[in-house]
Amino acid sequence: MIIKVDQSKAAEVKRQSMRLSFAQLLIGLVSEAWITEAEGEAWLAGTLPFNVLMVIDGLPAEQRFPAKARALRPSNVLRSDPLVNAMGAAAGKTDAEIDAFFTAYAAV
């Protein structure tokens, strides 16, 4: 039991330092087929994919504009961002899968 708690705490600490650039995020999302290349191209041009819009629309009203601004024009994408977690959950991804994604595409 203690080992599991320690591993969970270590994973949370590691997530706090994980980040991707916007380009790394989109390269990874398209490469892993989390979004289509057409959706990635549209996102680059300022149109969010439908699944991202659905996650944002599910947020409380006061959180929608900030989430949309962060999704459209991120300088860095933080693994610890609640929007990242919500999008991962909406895509059916586990914390470990999201962590692996960030680790892999941080090197791109």
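In short, a report on the structure. (Residues numbered from 1 in each chain as written. Predicted model: local features only at pLDDT ≥ 70, side-chain atom pairs only at ≥ 80, totals over all residues. Heavy atoms only, no water.)

## Remarks on the packing of helix 4 (residues 50-57) against helix 5 (residues 61-72)
Part 1 of the argument: Interaxial distance between helix 4 and helix 5 falls to 9 Å at its minimum, and their mutual angle equals 155°. Relative to helix 5, helix 4 is oriented roughly antiparallel. Relative to helix 5, the crossing made by helix 4 is right-handed. Every residue of helix 5 that contacts helix 4 at Val52, Leu53, Ile56 and Asp57 is listed here: Arg64, Ala67, Lys68 and Ala71.
Part 2 of the argument: Its residues assigned to classes, the contact of helix 4 with helix 5 shows five nonpolar, no polar and three charged. (Axes fitted to C-alpha atoms, helices over the stretch in contact; angles between N-to-C directions. Helix = DSSP H or I, 4+ residues; strand = E, 2+ residues; numbered from the N terminus. Parallel < 35°, antiparallel > 145°, perpendicular 65-115°, else oblique. Left-handed = near helix turned anticlockwise from the far one by under 90°. Contact = heavy atoms within 4.5 Å. Nonpolar A, V, L, I, M, F, W, Y, C, P; charged D, E, K, R; others polar.)

## Here's the deal with the pattern of salt bridges
Part 1 of the argument: With the rule as written, the count across this model stands at five salt bridges.
Part 2 of the argument: Across the pair Asp81 and Arg70 runs a salt bridge whose closest N-O atoms are separated by 3.2 Å. Placement of the pair is Asp81 in the loop between strand 2 (77-78) and helix 6 (82-90) and Arg70 in helix 5, with a sequence separation of eleven residues.
Part 3 of the argument: The closest approach of N and O atoms between Arg79 and Asp99, which form a salt bridge, is 2.8 Å. In this pair, Arg79 sits in the loop between strand 2 and helix 6 while Asp99 sits in helix 7 (residues 95-105), placing the two residues 20 residues apart along the sequence. (Salt bridge = Lys/Arg side-chain N within 4 Å of Asp/Glu carboxyl O.)

## A look at the environment of Pro74
Part 1 of the argument: Considering the arrangement of structural elements, one finds Pro74 in the loop between helix 5 and strand 2.
Part 2 of the argument: Taking the C-alpha atoms as reference points, Pro74 and Phe22, separated by 52 residues in sequence, lie 6.0 Å from one another.
Part 3 of the argument: Filtering out sequence-adjacent residues up to four positions away, Pro74 remains in contact with Phe22 and Ala69.

## Considerations on the packing of aromatic side chains
Part 1 of the argument: Inspection of every chain in the model, using the stated rule, returns four aromatic pairs.
Part 2 of the argument: Ring centres of Phe22 and Trp43 lie 5.9 Å apart, and the angle between their planes is 70°; this geometry places the pair in the edge-to-face category. Taken as a pair, Phe22 in helix 2 (residues 22-31) and Trp43 in helix 3 (residues 37-44) lie far apart in primary sequence, 21 residues in all.
Part 3 of the argument: Each ring, one from Trp34 and one from Phe101, has its centre 4.6 Å from the other, and the planes form 25°; the classification is stacked. With Trp34 in the loop between helix 2 and helix 3 and Phe101 in helix 7, this pair connects stretches of sequence that are 67 residues apart.
Part 4 of the argument: Take Phe101: its relative accessible area is 4%, and that puts it in the buried class.
Part 5 of the argument: Feature note: the residues Trp34, Phe101, Phe102 and Tyr105 constitute an aromatic cluster, connected by ring pairs. (Phe/Tyr/Trp six-rings, centres within 6.5 Å; stacked < 30°, edge-to-face > 60°. Buried < 20%, exposed > 50% of the residue type's maximum accessible area, 1.4 Å probe, protein only.)

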